[in-house]
Amino acid sequence: MTDKNFKADVIIVGAGLAGMVAAHEAVLRGRRVLLLDQETPQSLGGQAFWSLGGLFMVDTPEQRRMGIRDSHDLALQDWMGSAQFDRREDANPRLYAERFIDWAAGSMRQWCFDHGMRWFPVVGWAERGGGLAHGHGNSVPRFHITWGTGTGVVAPFAKLMTEHAATGMLKMGFRHRVTDLVTTNGSVTGLRGDLLENSVDARGQSTSRVVVGNFAFAAEAVVLATGGIGGNHAVVRKHWPTDRLGKPPKRMVAGVPDYVDGKMHAIARKAGAGLINEDRMWHYCEGVQNWNPIWPNHGIRILPGPSSIWFDAKGERMEAPFLPGFDTLGTLKRILQAGEHSWFILTQKIIEKEFALSGSEQNADLTNGRWLDVLKARLGKGATPAVEAFKNKGADFVVADDLETLVDGMNKITPDQPLDLEKIRNQIASRDAQLANPFSKDAQITAIRGTRTYRGDRLVRTAKPHAILDKKNGPLIAVRLNILTRKSLGGLHTDIHGRVLTPAGEVLSGLYAAGEVCGFGGGGYHGYNALEGTFLGGCLFSGRLAGQNA
């Protein structure tokens, strides 16, 4: 930013999805906006760029075409059963959740459509829950993958930033690292910080932190949209809910770049902001080391179908509801009771049909938005090119023609927790024997058969049930799964207008927040559990509210 004479009405810190949406909404109100970010212009869009682009929406044309009957009331029941709000400070998070469901079942799709988004026609069924209708989980598929994945969600707003800058209503300042919020008579009136040296590093890579100057700006309102803590594992461990999940693992992989460091939480607290629900967080169980990393300790999440057999670190097959795709945090707790990692064992037929990888860069067909590429990658012979690359090059993958060789390879990866071959063999053989009849006492086989009643899963996400140990279904594949850090479900306490509150619950005048820094709204609108597609959706929703009010 070179125009020192630009006088902003609103300063937004963080040029990710929530920040851009807030900036757009503020400009629509005639507000002059200064949009700051510590990273480079090539990182415009933040974490959302790397996402799969899934949006939680309710009762859409895409759902109805797939035979899915959804409704506002069912979605609200699922959300509240998952959130399990139980704290005095959950009033605003609950209100955000109720208003978000109103939007997701109302005008959200049209608003996104009007901004240029379109969706893959097969709606995904994420986070299927813990087994009770009134508890956690999605009763029906609601995960709408945007054509273009995360880039397709980011692109409309990146374009709007360019257009607003051309009108003079918006200025963007990159390499601006905020270190302090300025307060006057109890109100936030501006901010100051460090100018960082320019960097030519690619999006997501670690950039220089060399300071070459400083800055200070004043405005009527400041909006924080600086994300969560997932890239700072020391802070993740500090807030880890040991009472609910057990001890945090010593080794985790990072699902977000290292600039997702949570430093703005402390800066805002110093200025008088209140933070709530910092112990609520969302980390995945199916992380693998990226063989071609972009950021430090880069992990990728496997999005599994229902058929892989899941073993804990001791070689015990995990019981329902701790099955692939059902209950993320419940499964995380179950894994940590036995160690710090877990294992999938599967076949070539399963990996071809069921394995997907989270992230725009891992789904070139959907990211490029070309139907021919999607059909070739998803319905052709073999797994997708990205999955095959991990199978061949990933440090957590073992491929073998027989179980003896497979388990030997697994034990070479985790020699400190070796697996017993016969114990593994007996559990898989028992599972395979359940396929002789159309009925079964094995909960996972029952779940697989139930999953295949949804034609979306039958077409693109669920392999036909088959014996794991039958060589014609091979080769066998094992995947060591690591805990992968991702999202903060708590943060700055905000009211329904996006205004940040003090620890006493009073409005901290002049300060607003949007996105993950405020737990995607209110200080934790997910409660304890997310239903997926609600992270990008939360950035859109809370960004709109902050921009409409700041």
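Relevant structure appears above.
The rules behind these values
Per chain, residues are indexed from 1 in the order of the written sequence. Totals for whole chains, interfaces and linings use every residue, but because this is a predicted model, local features are given only for residues with pLDDT of at least 70 and side-chain atom pairs only at 80 or more, for both listing and counting. Side-chain numbers come from the whole structure's heavy atoms, not from hydrogens or water. Salt bridges are defined as contacts in which a side-chain nitrogen from Lys or Arg sits within 4 Å of a carboxyl oxygen from Asp or Glu. What counts as a helix is a DSSP run of H or I of at least four residues, what counts as a strand is a run of E of at least two, and both are numbered from the N terminus. For the exposure calls, accessible area comes from a 1.4 Å probe over protein chains only, and a residue counts as buried if that area is under 20% of its type's maximum, exposed if over 50%, partly exposed in between. Counting rule for disulfides: a pair of cysteine sulfur atoms within 2.5 Å. Aromatic rings from Phe, Tyr and Trp, taking only the six-membered ring of Trp, are treated as a pair when their centres fall within 6.5 Å; an angle between ring planes under 30 degrees marks them as stacked, one over 60 as edge-to-face, and anything in between as tilted. Any Lys NZ or Arg CZ that is within 6 Å of a ring centre and within 35 degrees of that ring's normal is treated as a charge sitting over the ring. Each axis is a line fitted through C-alpha atoms, taken for helices only over the stretch in contact, and angles between the N-to-C directions span 0 to 180 degrees. When describing relative orientation, an angle under 35 degrees is termed roughly parallel and one over 145 degrees roughly antiparallel, while 65 to 115 degrees is termed roughly perpendicular and anything else oblique. Helix crossings get a hand from a simple test, with the near helix turned counterclockwise from the far one by less than a right angle marking a left-handed crossing and a clockwise turn marking a right-handed one. Only heavy atoms enter the contact rule, under which two residues are in contact if any of them lie within 4.5 Å. Here the rule is simple: two strands pair whenever DSSP picks up at least two bridges between them. Each residue receives one of three labels: charged for Asp, Glu, Lys and Arg, nonpolar for Ala, Val, Leu, Ile, Met, Phe, Trp, Tyr, Cys and Pro, and polar for the others, Gly being one of them.

Caption draft 1: Broad picture of the pattern of salt bridges. Taken as a whole and judged by the stated rule, the model has 32 salt bridges. One salt bridge in this structure joins Asp-59 and Arg-64, with 3.0 Å as the shortest N-O distance. In this structure, Lys-159 and Glu-163 form a salt bridge, with 2.5 Å as the shortest nitrogen-oxygen distance. Note that Lys-159 and Glu-163 are positioned in helix H6 (residues 149-167) at a spacing of four residues, about one turn of the helix. Judged by its relative accessible area of 53%, Lys-159 falls in the exposed class. Ionic contacts of the salt-bridge type, sharing partners, join the residues Glu-62, Arg-65 and Arg-109 into one network.

Caption draft 2: Spatial organisation of the state of the cysteines. As enumerated under the stated definition, the model contains zero disulfides in all. Take Cys-518: it sits in no disulfide, and the sulfur closest to it among the cysteines is that of Cys-539, at 8.7 Å. Assessed through its relative accessible area of 0%, Cys-518 is described here as buried.

Caption draft 3: Just the packing of aromatic side chains, in detail. Summed over all chains, the structure comprises 21 aromatic pairs. Summarising the aromatic geometry, the rings of Phe-520 and Phe-535 are spaced 5.4 Å apart at their centres and angled 45° between planes, so their arrangement reads as tilted. Placement of Phe-520 in the loop between strand E21 (507-513) and helix H19 (534-549) and of Phe-535 in helix H19 is noted, with a sequence separation of 15 residues between them. Accessibility assignment for this pair places Phe-520 and Phe-535 in one class, buried. Linked through ring pairs, Phe-56, Trp-79, Tyr-96, Phe-100, Trp-103, Trp-111, Phe-157, Tyr-525 and Phe-541 together constitute an aromatic cluster. Just above the ring of Phe-113 sits the side chain of Arg-118; from NZ or CZ to the centre is 3.4 Å. If you follow Arg-280 out to its NZ or CZ, it ends over the ring of Tyr-528, 4.0 Å from the centre.

Caption draft 4: Spotlight on the environment of Gly-129. When you line up the elements, Gly-129 lands in the loop between helix H5 (108-114) and strand E4 (143-145). The spacing of Gly-129 and Asp-396 is 267 residues in sequence and 27 Å in space, taken between C-alpha atoms.

Caption draft 5: Quick look at the packing of helix H15 (residues 403-413) against helix H16 (residues 421-433). Running from N to C, H15 and H16 point in directions that differ by 125°, and their axes come no closer than 10 Å. Between H15 and H16, the angle is such that the two are oblique. As for how H15 packs across H16, the hand of that crossing is right-handed. Only Leu-421, Ile-424, Arg-425 and Ile-428 of H16 make contact with H15, whose side of the interface consists of Leu-403, Glu-404 and Val-407.

Caption draft 6: Highlighting the sheet that holds strand E20 (residues 499-501). Taken in spatial order, the six strands line up as E5-E2-E1-E9-E21-E20 in an open sheet, and their pairing is mixed. Each edge of the open sheet is held by one strand with a lone partner, namely strand E5 (170-174) and E20. When the angles between neighbouring strand axes are averaged without regard to direction, this sheet yields 30°. In this structure, strand E1 (residues 10-13) lies alongside strand E2 (residues 33-37), joined through four bridges in parallel fashion. Its bridge partner being in E2, Val-13 is matched across the sheet by Leu-36. Here helix H1 (residues 17-28) sits on the sheet and contacts E1, E2 and E5; the angle it forms with E2, its principal contact strand, is near 170°.

Caption draft 7: Fine view of unusual backbone geometry. Here the amide bond leading from Ala-320 into Pro-321 is cis, since omega sits at 10°, within 30 degrees of zero. Residue Pro-475 is bonded to the preceding Gly-474 through a cis peptide linkage, with omega at 5°. Tracing the backbone shows Pro-475 in the loop between helix H18 (455-460) and strand E18 (476-488). Even without glycine at this site, Gln-84 takes up a positive phi of about 55°. By secondary structure assignment, the location of Gln-84 is in the loop between helix H3 (72-83) and helix H4 (91-104). Take Gln-84: its relative accessible area is 40%, and that puts it in the partly exposed class. One non-glycine residue, Asn-185, adopts positive backbone phi at about 50°.

Caption draft 8: View of the packing of H1 against H19. Packing of H1 against H19 brings their axes to within 7 Å, and their N-to-C directions diverge by 35°. You can see that H1 and H19 cross each other, and the crossing is right-handed. Along the contact surface, H1 presents Leu-17, Ala-18, Val-21, Ala-22, Glu-25 and Ala-26, while H19 presents Leu-536, Cys-539, Leu-540, Gly-543, Arg-544, Ala-546, Gly-547 and Gln-548. Of the residues in the contact of H1 with H19, the class split is nine nonpolar, three polar and two charged.

Caption draft 9: Local environment of the pairing of strand E7 (residues 187-196). Where strand E6 (residues 176-184) lies against E7, eight bridges are found, and the strand directions are antiparallel. If you follow Val-178 over to E7, its bridge partner there is Gly-193. Connecting E6 to the next strand, E7, in antiparallel fashion are two residues, including Asn-185 with a positive phi near 50°. Note: E7 against strand E8 (residues 211-218), seven bridges, orientation antiparallel. Note on E8: the bridge partner recorded for Leu-195 is Gly-213.

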